[in-house]
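Summary of the model geometry
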Amino acid sequence: MNRYVSLLPYWFLNFTIGFGWFTLSPILPDLSAHYAVGTESILLLISLYGYTMVAFALLSGYLSAKYSVRISLMISASLSVVGLIIRSISPDYAVLFLGQIIAASAYPLALGPVGALAQSINRERANTVVGVSVGILFLGMSAGALLTPYFFALLKDSISGIFLLDAVLAIAALIILPLGSRTYPTEYAGKSLRGSFRPGMIKNWYVGLIISAFSVMFGGIASLALINHHVSTSSALAYGGAMSGLAFLGSALGAIILPPMFERIRMIRAGMVITSGLSLVSILLLTYFLAFTSAINVLLVSFFMFGFFGNAFWSMAMTSTTRYVEDPAKAGFSTSMYSVATNLGVALIPTFFGVFFLASPANGMIITSVLVAAAFILSFFLIAGRIATKSPERTAS
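What comes next is a walk through the structure. (Residues numbered from 1 in each chain as written. Predicted model: local features only at pLDDT ≥ 70, side-chain atom pairs only at ≥ 80, totals over all residues. Heavy atoms only, no water.)

Structural notes on the overall build of the protein
- Helix and strand counts for the protein come out as 15 helices and zero strands.
- Rg of the C-alpha trace for the protein: 20 Å, near the compact-globule value of 21 Å for 397 residues, within the 12% margin.
- Projecting the C-alpha coordinates of the protein onto the three principal axes gives extents of approximately 60 × 45 × 30 Å.
- When the 397 residues of the protein are sorted by exposure, 58% land in the buried category.
- Put simply, of all contacts in the protein between residues at least 6 apart along the chain, 83% involve residues at least 24 apart.
- Surface accessibility of the protein: about 15300 Å² in total, with carbon and sulfur atoms responsible for 71%.
- Averaging the coordinates of the 20 positive side-chain charges in the protein and doing the same for the 11 negative ones gives two points 15 Å apart. (Helix = DSSP H or I, 4+ residues; strand = E, 2+ residues; numbered from the N terminus. Rg over C-alpha atoms; globule rule 2.2 N^0.38 Å. Buried < 20%, exposed > 50% of the residue type's maximum accessible area, 1.4 Å probe, protein only. Contact = heavy atoms within 4.5 Å. Areas by Shrake-Rupley, 256 points an atom, 1.4 Å probe, with all protein chains shown as cover. Lys, Arg positive; Asp, Glu negative; His and termini not counted. Charge placed at Lys NZ, Arg CZ, Asp CG, Glu CD.)

Thoughts on a nonpolar patch on the surface
- A cluster of nonpolar side chains, Phe56, Leu59, Tyr62, Tyr67, Ile71 and Ile75, forms an exposed patch at the surface whose accessible area comes to about 530 Å².
- Listing elements by their share of the nonpolar patch, those giving two or more residues are helix H3 (39–66) and helix H4 (69–88).
- If you tally residues by element for the nonpolar patch, the top one is H3, at three residues.
- Relative to the helices and strands, Tyr62 is located in helix H3. (Patch = residues over 30% accessible without salt bridge, like charges linked within 9 Å, V, L, I, M, F, W, Y side chains within 5 Å. Salt bridge = Lys/Arg side-chain N within 4 Å of Asp/Glu carboxyl O.)

Considering helix H15 (residues 361–378)
- With 18 residues, H15 should cover 26 Å at 1.5 Å per step; its first-to-last C-alpha distance of 26 Å lies within 8% of that length.
- All of the buried residues along H15 are Gly364, Met365, Thr368, Ser369, Val372 and Ala375. Looking down the long axis of H15, one finds its buried residues gathered within 125° of arc, a one-sided arrangement. In H15, the exposed positions that point more than 90 degrees away from the buried face belong to Ile366 and Val370. (Expected span 1.5 Å × (residues − 1). Arc of directions from axis to C-beta.)

With respect to unusual backbone geometry
- Of note in this structure, Ala36 is not a glycine but carries a positive phi near 55°.
- If you trace the backbone, Ala36 turns up in the loop between helix H2 (28–34) and H3.
- For Ala36, a relative accessible area of 68% puts it in the exposed group.
- Even without a glycine there, the phi angle at Arg266 is positive, about 55°.
- With respect to the helices and strands, the residue Arg266 is situated in the loop between helix H11 (233–264) and helix H12 (268–292).
- On the accessibility criterion, Arg266 (70% relative accessible area) is exposed.

Digging into the environment of Ala236
- Assignment of secondary structure puts Ala236 in helix H11.
- The exposure class of Ala236 is buried, given its relative accessible area of 0%.
- When the C-alpha atoms of Ala236 and Ala167 are compared, they prove to be 31 Å apart, with 69 residues separating the residues in sequence.

Regarding the packing of aromatic side chains
- The full count for this structure, using the stated rule, is 18 aromatic pairs.
- Aromatic pair Phe218 and Phe357: ring centres 5.2 Å apart, planes at 85°, arrangement edge-to-face. Linking Phe218 in helix H10 (residues 201–228) with Phe357 in helix H14 (residues 328–359), this pair joins segments that are 139 residues apart in sequence. Each member of the pair, Phe218 as well as Phe357, carries the same accessibility label: buried.
- Of the aromatic side chains, those joined through ring pairs into one cluster are Trp21, Phe22, Tyr49, Tyr107, Phe138 and Phe248. (Phe/Tyr/Trp six-rings, centres within 6.5 Å; stacked < 30°, edge-to-face > 60°.)

Quick word on the environment of Tyr4
- Of note, Tyr4 is situated in the segment before helix H1 (8–22).
- A relative accessible area of 29% means that Tyr4 is categorised as partly exposed.
- For the pair formed by Tyr4 and Val82, sequence separation is 78 residues and the distance between their alpha carbons is 28 Å.

Quick word on the environment of Ala384
- Within the element layout of this structure, Ala384 appears in the segment after H15.
- The spacing of Ala384 and Ala317 is 67 residues in sequence and 8.9 Å in space, taken between C-alpha atoms.

Structure representation (structure tokens):
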């Protein structure tokens, strides 16, 4: 079986996880009314995916290293099915919350060890494997956010029907995953993880933390910022949803298109610098127009562009962590550590800094720009190729 064809079941698993994650977003008011809870309780369900990544990403890296990637992925697919089935039959919020925790646990077990999979499938095309894998997850998130309203109407506003659709997709992923995962290499399993961490990886962690945190934060506060500019509530909610959906779509396309392109023309270092620079330009436009105007068309483009260039940069920074190690097992643990750092940012920054940005837009814009500018500067120093074992900080072109 062609190595990339063998990845199709894994990529489909990622799509279903992303889809099931963001079917909640467009029907948030309906969920709130159906389960008789506040909006914040439904938002917590969405945030659980980020929290489970922090809690279980290192476990996924350990499982893939000590046993095999296939074990981690099969557990991921199984948890997704169980959680989404419980969610589809939940009579109250407590059961819904339980199902969501179980389903969310599939996310780190699927994405955490992607570095091991990339290195073992094709070490010279690791950016392609990581980029497409991450991009398809975001494609699922975008599809869930953009298509759920249409499915919801088709199913006559049936919440259980939407949740059942998510479960059916997860079941399909569980069924087809063994077809491809049998070919995933296992010869590196059982090796020591000593040396998986190198201090230089902290640069990559900063990039991942900042890009992902601001992607989530601005998607979450877009509607409120528009309301502050006296846009009607209904219009602000609609435009905010569109901005969030376009950011996810841009994230998917950016990760799928740009890392493979830069890898094919052997310009990974230039690619990281270019995408980080364009991420900075995009966030400057986004923050300025969100802070001081209600120019909807410019904001829609800015959200898409920040997603497109930002997630491509995020993906290449993730792959860069695998360049510090030779062993695919350690590469999986490297990407797991990167995922933990990234989602710590998602868990903390939007909650606190989002409120600050809304209250003080000018200062919020300045701080955001400085933090993303720091990521741009670091892009010149991230590892683009493999490094010598005895010199972990020496970059390669």
